[in-house]
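# Topology and contacts: notes
Listed here are the chains, written in short residue letters.
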Amino acid sequence: RVVKIYFFINKNMKVPLAKDLEKIVEFLQTSLGPKGMDKLLIDKNGNIKITNDGATILKSVKYDSIASIILRDVCNVQDDEIGDGTTSICCLIKELVFEAQKLLNRGLHLQTIIKGYRIAANLALKIIDKNCFCNSKNIRSFLADLLDIARTSLNSKIIFSNREYFSRIALKAILNLKGSMDINRIQMIKKPGGTLKDSFIEDGFILEKKIGIGQIKRIIGAKILIANTSLDFDKIKIHNAKIKVKSLSKLAQIEVREQKKILDKCRKIISHGINVLINRQLIYNYPERFLNDNGVLTIEHADFDGIERLALVTGAEIVSTFDEPSKVKLGKCKVVEEIMVGKETMIRFSGCYNKGTSTIVLRGSNEQITSEAERSLHDALCVLVQSIQTPSFVYGGGCMDAKIIVGLEKYCETIEAKESLVIRAFSTSIKNLIKIIYENAGLDSNDKLLSLIDCHKNEGSDACLDVHSEKILSAQKVGLIECSKLKIHTILSAVETAEMILRIDKMFLNEN
């Protein structure tokens, strides 16, 4: 077998992935910060998506370069671990790689650069640790901090104009979990219509179905059986199979046997002592009427994601056979009732067995707004979960970034020239990240950044730049607070990814 190897080597470009990285990040970086721009994504079917979320953009963009695959994987991890900061991490990786490129052009060895970046990252973590705070012992202050964290997370989202309203919704949903921290118990339903301000949160679970005609619309003390079974008349499952009968009486006998078989299954279901049946599949009129006559409310054709989450919150198991009622786990909730959301009918399950469930109903003028509101709120919920699990906070608005820059600059004065050049390059990368945010807001990035750094030369300062008022203010008074884990994870992941990219000196294609 002959293997052809093609080398892509650019003698003027010592980092082969730098051009691809620049192309992707330049596309992303205009979305960074509270006044960043949104991207319009169109798929092959003509469906559109409007977002400024880095992970969503990279997943949707059909540009399969090596650099885009690396950034996409990094963003997915950031999204899963923290839930926010995906655009920031992409921009920081690009800045670290390009600062390293400048040092390589000046004659520094790659291993010296990598070593310097690791030292700078460790110093940055120490500065973050030194300046973090926690008010978890004071419940009132802790809740106020969590609310500020939610507001800060929503600062750069499409729902910014209603951030106060949505930050309270997000915090209430997290507190409703009663310490579980499983955000799968928080359901979000998108219903275009009205405005974002019409969105609301409900305790309990809302199923996007309606109760059948002639059935009870409200049940107190519900015992719920969740099933995935056939409750229509059984059909032969063989393609093109046919049954031939010699007379109509024989056909009538088949129909009677079919009805008996269905009724036998219904009697087994009733024997479980339930008053609510939710089925993944269809329920035909005949079994539905029989179940209703025996006091069982039926809900058919529920979507699979919906019944899986409902099983979680009610404590039930999804079953397909009903021969042994003692082995079937039923769900429980206090009230099952029909409600109206806008012009649509839905079913609400209140007082569920597993306490701590919430449903957030998102309203908006179109589907794109409700979808982006869902992504924004999901980011805020993830950040709040991380903040409660790791109650260590830092001030935002560039406050912590400025402290890192000042700390690194001071350290550079105490070490030899080569290492100081690398650490200054790391500091410059942080500066450039802040400049991108300021430039996206239409501010003089150099002037504002220098003023902010000057403020932080005095220890204990909590100065930050509020891009909305365009003034340097106290981060504590403005309420710009971030989870320290977000900062730490962003720096460490960016340095690790930049190191991986810098270590690549050749690329080749292996053709069979």
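Residues numbered from 1 in each chain as written. Predicted model: local features only at pLDDT ≥ 70, side-chain atom pairs only at ≥ 80, totals over all residues. Heavy atoms only, no water.

### Quick look at helix α16 (residues 484–502)
If you check α16, its first and last C-alpha atoms are 27 Å apart, about what 19 residues at 1.5 Å a residue would give, namely 27 Å. Within α16, 14 of the 19 residues are buried, which leaves the element mostly enclosed by the surrounding structure. (Helix = DSSP H or I, 4+ residues; strand = E, 2+ residues; numbered from the N terminus. Expected span 1.5 Å × (residues − 1). Buried < 20%, exposed > 50% of the residue type's maximum accessible area, 1.4 Å probe, protein only.)

### Comments concerning helix α10 (residues 304–314)
Residues G306, I307, L310, A311, V313 and T314 constitute the buried set of α10. In this fold, the buried residues of α10 make contact with β6 (205–207), β7 (218–227), β8 (276–279), β10 (318–319), β11 (331–341) and β12 (344–352). Once α10 finishes, G315 follows within two positions and takes phi at roughly 80°, a positive value. (Contact = heavy atoms within 4.5 Å.)

### Describing the pattern of salt bridges
Applying the stated criterion to the full structure yields 27 salt bridges. One salt bridge connects E344 with K191, and the closest N-O pair in it is separated by 2.9 Å. With a gap of 153 residues between them, E344 in strand β12 and K191 in strand β4 (residues 186–192) connect regions that are remote in the sequence. Residue E344 is classed as partly exposed on the basis of its relative accessible area, which comes to 38%. Residue classification places K191 among the buried residues on the basis of a relative accessible area of 12%. (Salt bridge = Lys/Arg side-chain N within 4 Å of Asp/Glu carboxyl O.)

### What about the confidence of the model for the chain?
Any segment with low pLDDT has predicted coordinates that should not be analysed in fine detail. Taken as a whole, the chain shows an average pLDDT of 85; of its residues, 94% reach a score of 70 or greater. Segment residues 1–13: pLDDT under 50, and 23 contacts once partners within four positions in sequence are set aside and those in other chains are kept. (pLDDT = per-residue confidence, 0-100.)

### Focus on the nonpolar core
Membership of the largest hydrophobic core comes to 69 residues, with the highest contact counts inside it found for I93, Y117 and F426. For F426, the contacting residues outside a window of four places in its chain are L96, Y117, A120, A121, A124, L408, I491 and V495. Formed by 36 residues, the second largest nonpolar core is a distinct cluster that contains F142, L171, M181 and I201. (Core = buried A, V, L, I, M, F, W, Y, C linked by side-chain atoms within 4.5 Å.)

### Here's the deal with the packing of helix α1 (residues 18–28) against helix α3 (residues 66–81)
Relative orientation of the contacting elements α1 and α3 amounts to 55°, with a least axis distance of 8 Å. Classified by the interaxial angle, the pair formed by α1 and α3 is oblique. Between α1 and α3 the crossing geometry is right-handed. Residues D20, L21, I24 and V25 of α1 form the contact with α3, whose own contacting residues are A67, S68 and L71. Among the residues making up the contact of α1 with α3, the classes are represented as five nonpolar, one polar and one charged. (Axes fitted to C-alpha atoms, helices over the stretch in contact; angles between N-to-C directions. Parallel < 35°, antiparallel > 145°, perpendicular 65-115°, else oblique. Left-handed = near helix turned anticlockwise from the far one by under 90°. Nonpolar A, V, L, I, M, F, W, Y, C, P; charged D, E, K, R; others polar.)

### A short note on the state of the cysteines
Taken as a whole and assessed by the stated rule, the structure comprises zero disulfides. No disulfide involves C91; its sulfur sits 6.8 Å from that of C90, the nearest cysteine. (Disulfide = S-S within 2.5 Å.)

### Topic: the pairing of strand β3 (residues 48–51)
As paired strands, strand β2 (residues 39–42) and β3 are joined by four bridges and run antiparallel to one another. Within β3, the position partnered with L40 by the bridge is I50. Turn length for the β2-β3 hairpin, with the two strands adjacent in sequence and antiparallel, is five residues, and the turn residue G46 shows positive phi of about 90°. (Pairing = 2+ DSSP bridges.)

### Overview of the pairing of strand β15 (residues 463–466)
The alternating pattern of β15 places A463 and L465 and C464 and D466 on opposite faces, both of which are buried. In this antiparallel pair of consecutive strands, β15 and strand β16 (residues 471–474), the connection spans four residues, and E470 shows a positive phi of 60°.

### Some words on the layout of surface pockets
Of the voids in this model, the largest pocket is the one considered here, and its volume is about 880 Å³. Lining the largest pocket are 44 residues, and of these L32, G33, S88, I437 and E482 sit closest to its centre. If you list the elements that add at least two residues to the lining of the largest pocket, you get α4 (86–105), α6 (139–154), α12 (399–412), α13 (417–440), β15, β17 (481–483) and α16. Each residue belonging to the lining of the largest pocket can be placed in one class, and the counts come to 19 nonpolar, 17 polar and eight charged. In this structure, the second largest pocket spans a volume of roughly 720 Å³. Going through the elements one at a time, α2 (54–60), α3, β4, α10 and α11 (367–389) are the ones with two or more residues in the lining of the second largest pocket. In terms of residue count, the dominant contributor to the lining of the second largest pocket is α11 (nine residues). Residue composition of the lining of the second largest pocket, by class: nine nonpolar, eight polar and 14 charged. (1 Å grid on protein atoms, 1.4 Å probe; cavity = no way out; pocket = protein on both sides within 12 Å on 5 of 7 lines; lining within 4 Å. Points joined across faces, edges and corners; volume = space filled by probe spheres on them.)

### Observations concerning the environment of I169
With respect to the helices and strands, I169 occurs in helix α7 (residues 163–175). For I169, a relative accessible area of 5% corresponds to the buried category. Along the chain, I169 and F200 lie 31 residues apart, while their C-alpha atoms are 7.4 Å from each other. Ignoring any residue separated from it by four or fewer positions in sequence, one finds I169 in contact with S199, F200, I201, I360 and L377.

### Re the sheet that holds strand β5 (residues 200–203)
With mixed pairing, three strands are arranged side by side in an open sheet as β4-β13-β5. Strand pairing shows two members of the sheet lacking a second neighbour, β4 and β5, which therefore form its edges. Neighbour-to-neighbour, the strand axes of this sheet turn through a mean angle of 20°, independent of strand direction. Pairing between β5 and strand β13 (residues 358–364): four bridges, direction antiparallel. Residue I201 lies in a different strand from β13, and its bridge partner there is I360. Against the sheet, α7 contacts β4, β5 and β13, and its axis sits at roughly 15° relative to β5.

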